[in-house]
Structure formats: structure tokens, C-alpha cells
Amino acid sequence: MVGNIAEAEDLTQEAFLQLHRKIGTFRGDSAFSTWLHRLAINVVLMQLRKKGLSLISLDEAMEPAPEEGPGRSFGAPDLTLAGAIDRLALERAVADLPAGYRLIFILHDVEGFEHNEIAAMLDCSIGNSKSQLHKARLKLREALRAHSQQEARL
Amino acid sequence: MREKNRMMSCEEFQAQLPELIGSGENAAEHEHIKTCDLCRALLADLETIAEAARQLFPVVEPPDNLWDQIESRIKNEEGPDGARGRVPSGAVPHPQ
């Protein structure tokens, strides 16, 4: 999520510290794993905000963005990714996603969580999780197509 | 009846797509996909991206000393007499 191992280790430490501080507030309203995930996600989001990297906050990512609605053009079929994706290009594109989209994409597509689990972790609706994931994938598609067009020109 | 059988536009189809994909239905079997190259290409790309995502970011094992560091930070926070750090009132983890 932060794209840097040393930073990820620092955040792991911070998450455990937070766990130690807040374990007394766990009331069993949700599964402990959900609660813990939420806590860890908070730690990551705080860090992203601190670094000013959160170009779109989770709140904003959770709100519908009309300009990114389904009415947009998706270009000609011959510009598709043709089933092959440059892994490095995809990793870079994921890293460039706004934090809210990146979070949902990583939770669902990379880590394999279901929409109902993500909704519980992020305190949003299942429909919201589905639509944000879709937007994240659309953004990645756009980035990858731009990348392959650039490659083709070289 | 005629209205019911009217071919769905790309816009209408794409508006349904997040729910269609998210609910695990086979979007490729959708009537619109069978006749629309653009939306077929879009769906194929989204599936390719989701598929490729599973291979991303291999799990990195934390170093052996990470737990020692966590333990020592917790001890530091507790102080010499073992008092726990103050817990902010009503502090429940929440994304915002």
C-alpha cells in the first residue's frame, strides 16, 4: 500500500502499538479480524495523509464522481490490452492510483477480500465497494493503455 | 414489449457493470456483450487487470527483529512501572 518495505515495517510497528493502546475498546461488535484490519488501515491512511499523498481521501473515493460516470468513451477495440499486461507497468499504475481507489483495489484484487468484508472494514456499503473497485480498474486500464501507446511509439 | 426487447445502450450496460461484475455473474454472457465490440473489449481488459493483480506485490516476510522492536516500543510506552499508555476515550478504530 505504501510501496516501500522500510515504511511498511514502521507502519506494522505502529499498528501493533495502536492495537496495544486500543485493545480495551474492542467490544466485539464486529469480528476481531475486521476490527484489526480497520485499525491497520487507519494507520496506513494516517501516514498517507501525513505525507500529503492522499490525492483523493477515502471519503472522496467513496463518493460518486459524476465526471467518471459510465457515459465516457472507451476508445476503439484495437486499443485493448490484448490479454497481456506488463507487470511493472501495472504496479506503477496501482501506485499512482488515488489512495482510496488503491486501497479497495489492493484489498479486493490483490489480497482477495470479498466486497462484504471490505465494506465492513471501511465502513461503507457493499455497492460502494463494488463501484469504487470498478472505477479503480477503469483508471488502471486508462493508465495501462496510455503506457502501451507510449511503448508503441518508441 | 418492444421496449423490453430494445437493445441496451453501452451507457446503460456500463452503468450496470460494477454490480454485474461484483455480484459474480458472468458478464460475458450478457446480451449486450454478445453484440458490442467496445463493451466486450472493456470487459476483457477489466478481467485481465483483475487477473494480473493476483500476481502483484508478492508477500514480504517481516524481518526477524521486527517483533523485538515492537515489544521494546510497547515497553517504552508502558514506562518503568508497567503502567499502560492512556487510551483516548471512545477511541474505536475507524477509517476516518
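What you are looking at is a predicted structure, and each value in this text was computed from that prediction instead of being measured.

A. Region of interest: the overall build of chain A. A count of helices and strands for chain A gives seven helices and zero strands. Across the 154 residues of chain A, 33% fall into the buried class.

B. Examining the overall build of chain B more closely. A count of helices and strands for chain B gives five helices and zero strands. Mapped in sequence order, the helices and strands of chain B form the string α-α-α-α-α. Counting all 96 residues of chain B, 20% fall into the buried class.

C. Expanded view of the nonpolar core. Grouped together as the largest cluster of nonpolar side chains are 43 residues, with contacts concentrated most on Leu90, Ile104, Phe105, Ala136 and Leu140 of chain A. When residues of this core are traced back to their parent elements, those giving at least two are α1 (5-22), α2 (32-50), α4 (87-96), α5 (99-110), α6 (115-122) and α7 (126-153) of chain A together with α2 (10-22) and α4 (37-53) of chain B. Leaving out residues up to four positions away in the same chain, Leu90 of chain A has contacts with Ile85, Leu140 and Leu144 of chain A together with Ala52 and Leu56 of chain B.

D. Representation of the packing of α6 of chain A against α7 of chain A in the model. All names here are of chain A. Close contact between α6 and α7 brings their axes to 8 Å; oriented N to C, the two are set at 105°. Regarding the angle of α6 to α7, the classification is roughly perpendicular. Across the interface between the two elements, His115, Asn116, Ile118 and Ala119 of α6 pack against Ile126, Ser129 and Lys130 of α7. Here the contact of α6 with α7 is built from residues that sort into three nonpolar, three polar and one charged.

E. Local environment of α2 of chain A. End to end, α2 of chain A covers 27 Å across 19 residues, agreeing with the expected 27 Å (1.5 Å per residue, within 8%). Along α2 of chain A, the positions that sit buried rather than exposed are Trp35, His37, Leu39, Ala40, Ile41, Val43, Leu45 and Leu48 of chain A.

F. Up close: α5 of chain A. Residues and elements named next belong to chain A. Among the twelve residues in α5, ten count as buried, and that is most of the element. Burial in α5 covers these residues: Ala99, Gly100, Tyr101, Arg102, Leu103, Ile104, Phe105, Leu107, His108 and Asp109. Positive phi appears at Gly112, one or two residues downstream of α5, with a value of about 85°.

G. Examining the packing of α2 of chain B against α4 of chain B more closely. Residue and element names in this part refer to chain B. Put simply, α2 and α4 touch, their axes get as near as 11 Å, and they point 25° apart. Taken together, the axes of α2 and α4 are roughly parallel relative to one another. The two elements α2 and α4 cross, and the hand of that crossing is right-handed. Two secondary-structure elements touch here, α2 through Cys10, Phe13, Gln14 and Ile21 and α4 through Leu38, Cys39 and Leu46. In terms of residue class, the contact of α2 with α4 is made up of six nonpolar, one polar and no charged.

H. View of the environment of Ser33 of chain A. Inspection of the secondary structure assignment puts Ser33 of chain A in helix α2. You can call Ser33 of chain A exposed: it has 11 C-beta atoms within 10 Å.

Each value, and the rule that gives it
- Residues numbered from 1 in each chain as written.
- Chains lettered and ligands numbered in written order.
- Predicted model: local features only at pLDDT ≥ 70, side-chain atom pairs only at ≥ 80, totals over all residues.
- Helix = DSSP H or I, 4+ residues; strand = E, 2+ residues; numbered from the N terminus.
- Buried ≥ 20, exposed ≤ 12 C-beta atoms within 10 Å, placed from the backbone.
- Core = buried A, V, L, I, M, F, W, Y, C linked by C-beta atoms within 7 Å.
- Contact = placed C-beta atoms within 7 Å.
- Axes fitted to C-alpha atoms, helices over the stretch in contact; angles between N-to-C directions.
- Parallel < 35°, antiparallel > 145°, perpendicular 65-115°, else oblique.
- Nonpolar A, V, L, I, M, F, W, Y, C, P; charged D, E, K, R; others polar.
- Expected span 1.5 Å × (residues − 1).
- Left-handed = near helix turned anticlockwise from the far one by under 90°.

Everything listed here is a matter of coordinates, which is why it stays silent on function.
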